[in-house]
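Here is what each chain is made of, one letter per residue.
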Amino acid sequence: MTDIPLTDFLYYLQALIFPERCPYCNNLIEPKEIACESCLNRLEERQRPLTGGALGFRCLSSFHYKGSVRRAIVNLKFFERTQYIPQMAVILAADIKQVYGEGAFDLITAVPMYKTDRIKRGYNQSELIAKAVGKLLNLPYLETLEKIKKTKKQHTLKYAKRKHNLDGAFQVINNKEIHQKRILIVDDIVTSGFTLGKCCRIINRARPKTLCCATLAAARNYYD
Ligand SMILES: [Zn+2]
């Protein structure tokens, strides 16, 4: 016992009380692991990152929104399993570095939720993902946008209606803070690209230097 540094000892003690679980299958995993071995192998086998655009802004996603990734995101979004976020963020942060390059951004931000929606859920999962990625990439998190209009859920609408559902929904909080900045905006999933795309268009009015998107997952066929 005396050979174990105190910080490690405390870490393992914490792991005993709050054991870490694999975000993708919920099995117990070793402390500091980001997934169990079989899930990690399966995730590594997949071709990633996925890259493309959202209304003309560059976008990348780590995974397709299906199978165990879909389950993990549903859990963190609707069942308060936010403890999975730092583990999932490791993969997204690596993909961001690979696609956009090291030190490509000045700040990281997230797609905002409408105030009452956020209170109801208790957190904005996209903000938590952005903060976790920011920590790994050494990027300060900044709230750049606010959602000023309650909108229907994008996935409940037909394609044609999705386009205009978000009109007037977002506004920039402080133009000066994002002017000439290199910005990365994060969401949990990209489905049609309208949400991220609209957010980018609004941010773009404040003339950032560059603006790119990143999400944990993308709807099937999004990048095809
Ligand atoms: Zn697993």
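Criteria and thresholds
Residues numbered from 1 in each chain as written. Predicted model: local features only at pLDDT ≥ 70, side-chain atom pairs only at ≥ 80, totals over all residues. Heavy atoms only, no water. Domains from an automatic or database assignment. Contact = heavy atoms within 4.5 Å. Buried area = accessible area lost by both parts, 1.4 Å probe. Salt bridge = Lys/Arg side-chain N within 4 Å of Asp/Glu carboxyl O. Polar contact = N/O pair within 3.5 Å; in protein donor to acceptor, adjacent residues only side chain to side chain. Nonpolar A, V, L, I, M, F, W, Y, C, P; charged D, E, K, R; others polar. Helix = DSSP H or I, 4+ residues; strand = E, 2+ residues; numbered from the N terminus. Buried < 20%, exposed > 50% of the residue type's maximum accessible area, 1.4 Å probe, protein only.

J.: Which residues make up the domain arrangement of the protein chain, and what are the values?
T.: What the domain assignment lists for the protein chain is domain 1 (10-41) and domain 2 (46-218). The gap between the C-alpha centroids of domain 1 and domain 2 is 26 Å. Taken together, the nine residues of domain 1 in the interface contact 11 residues of domain 2. In total, domain 1 and domain 2 occlude about 810 Å² of area from one another, counting both sides; carbon and sulfur atoms represent 57% of this. Counting the surface domain 1 buries against domain 2, the share from its top three residues, P23, Y24 and I34, is 77%. For the pair domain 1 and domain 2, the number of links is zero salt bridges. Summed over the shared surface of domain 1 and domain 2, the number is three residue pairs in polar contact (both at pLDDT 80 or more). Per-class residue counts for the side of domain 1 that touches domain 2 are five nonpolar, one polar and three charged.

J.: Can you lay out the side chain of T144 for me, pointing to particular residues and giving the numbers?
T.: Here T144 is to be found in the loop between α6 (125-137) and β4 (145-147). Among the residues examined, T144 registers a relative accessible area of 2% and is labelled buried. Non-local contacts of T144, meaning those with residues more than four positions away in its chain, are made with L107, T109, Q171, V172, I173, N174, I178 and I203.

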